[in-house]
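# Survey of secondary and tertiary structure
Listed here are the chains, written in short residue letters.
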Amino acid sequence: MTLSEMVFNRDHVIFGVLPTGENGFRFDASILEGVVKNLVNEKLKDPNAVMAETSAENYQPCPTFVVSTSGADGTGPVVLFRSYDSTRDDADCCAIWQAARATSAAPSFFEPIVIRVPAPGGSYVDGGVRYNNPSSLALDEARQIWPRVKRFSLVSVGTGRQRNVEFVNINQLQPPKKTSESFFSTILNKVPGSSFVGTMKNTAAGVKELKNVGLACVELSTSSEPIHLELAKWAISENPHLRFPYCRFNVEKGMDSIGMEEWQANVRIGELTRQYMREVIPCKDKVECAQRLIKPPPVERT
């Protein structure tokens, strides 16, 4: 929470500076960079430690990757910054703080980052635009690290269930109520040029509808549910060779109204999370998940 407070404490919109123009973003990326560097330095004694060299004395790191998107080609393959070698890719030699900036550069929140390693470099934005739920990527990466392992256990932790994505407002589908035309409206319709008023009204409605469609597209592009539903289907596949232990924890109610910059909502987030974990199904899943992690089943190899 200290990190969140430091990074999101000064919102340019709140302070009356609209995030417009080439460098107009809500939050200062240099503050985020400084916070991450301090954390890396505390752990590894080097603020510029690179992803490929995360080992320290008496410290065996877990293989880690973060997700980003190419600033030059958002429709191309996803970009992963890795701390490990696999059968397909080598560990990345960029600094850890650079990888953290790349995966945090959410559009309008933080400016993109240019990373020069490997040469000639590239620009990157937040990977959540396409992979807000990286569970399927994690499963694929595990297969690359341990290619002979037959089955993996997957635990997914969400940040709260989003509200439904609505392209059509049900209220707009209802026929308008018939009302008697006012005397003022009758007179106005007879004035030359009064059709301009109707045109402006229709234009405003069209702009509002276009805005609603745009917001719905953003919500769809950052939704975590499609990936979760796909993995849940694979986990209980009729083919026993495709099944794998899968568990997802994701608060169902109340989180959709909390933005990622709202660090002051930590008490509410904690309360909602505790309430969710007290419910029957998450509580049961929690016990089964803990037992599986403490005492995993024998590794099956091909």
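Residues numbered from 1 in each chain as written. Predicted model: local features only at pLDDT ≥ 70, side-chain atom pairs only at ≥ 80, totals over all residues. Heavy atoms only, no water.

## Here's the deal with the pairing of strand S4 (residues 122–126)
Counting buried residues along S4, four of its five residues qualify, which places the element largely inside the surrounding structure. Here three bridges tie strand S1 (residues 65–70) to S4, and the two strands are oriented antiparallel to one another. The partner of serine 68 across the bridge, within S4, is aspartate 126. Pairing analysis gives three bridges linking strand S3 (residues 113–115) to S4, with the strands arranged antiparallel. Bridge pairing in S4 places valine 114 opposite serine 123. What sits between S3 and S4 in their antiparallel hairpin is a turn of six residues, with glycine 121 showing a positive phi close to 100°. (Buried < 20%, exposed > 50% of the residue type's maximum accessible area, 1.4 Å probe, protein only. Helix = DSSP H or I, 4+ residues; strand = E, 2+ residues; numbered from the N terminus. Pairing = 2+ DSSP bridges.)

## Concerning helix H5 (residues 135–145)
Looking at H5, one finds that the buried residues are Ser135, Leu137, Leu139, Glu141, Ala142 and Gln144. Residues of H5 that are buried in the fold lie against S1, strand S2 (79–82), helix H4 (128–131), strand S5 (154–157) and helix H8 (225–235). (Contact = heavy atoms within 4.5 Å.)

## Re the nonpolar core
Counting residues in hydrophobic clusters, the biggest one holds 27 residues, and the most contacted among them are Phe8, Phe81, Phe110, Ile115 and Tyr124. Breaking this core down by element, the ones donating at least two residues are helix H1 (2–8), helix H2 (29–44), S2, helix H3 (96–104) and S3. A total of six residues in this core trace back to one element, the largest contributor, which is H2. Judged by nonpolar contacts, the second largest core, of nine residues, contains Val149, Phe152, Leu154 and Tyr246. (Core = buried A, V, L, I, M, F, W, Y, C linked by side-chain atoms within 4.5 Å.)

## Focus: the packing of H2 against H3
Where H2 meets H3, the closest approach of the two axes is 9 Å, and the angle between their N-to-C directions is 140°. As summarised for this structure, H2 and H3 are arranged oblique, according to the angle between their axes. Read as a crossing pair, H2 and H3 show a hand that is right-handed. For the pair formed by H2 and H3, the contact residues are Ala29, Leu32, Glu33, Val36, Lys37, Val40 and Leu44 on the first element and Ile96, Trp97, Ala100, Arg101 and Ser104 on the second. For the contact of H2 with H3, the per-class residue count stands at eight nonpolar, one polar and three charged. (Axes fitted to C-alpha atoms, helices over the stretch in contact; angles between N-to-C directions. Parallel < 35°, antiparallel > 145°, perpendicular 65-115°, else oblique. Left-handed = near helix turned anticlockwise from the far one by under 90°. Nonpolar A, V, L, I, M, F, W, Y, C, P; charged D, E, K, R; others polar.)

## Description of the packing of aromatic side chains
Per the stated rule, a full pass over the model turns up seven aromatic pairs. A centroid spacing of 4.9 Å and a plane angle of 85° characterise the contact between phenylalanine 8 and phenylalanine 27, whose relative ring orientation is edge-to-face. Here the residue phenylalanine 8 occupies a position in helix H1, and phenylalanine 27 occupies one in the loop between H1 and H2, the gap between them amounting to 19 residues. A residue is classified by how much of its surface remains accessible, and phenylalanine 27, at 3% relative accessible area, is buried. Ring plane angle 65° and centroid distance 6.2 Å describe the contact between phenylalanine 244 and tyrosine 246, whose orientation is recorded as edge-to-face. (Phe/Tyr/Trp six-rings, centres within 6.5 Å; stacked < 30°, edge-to-face > 60°.)

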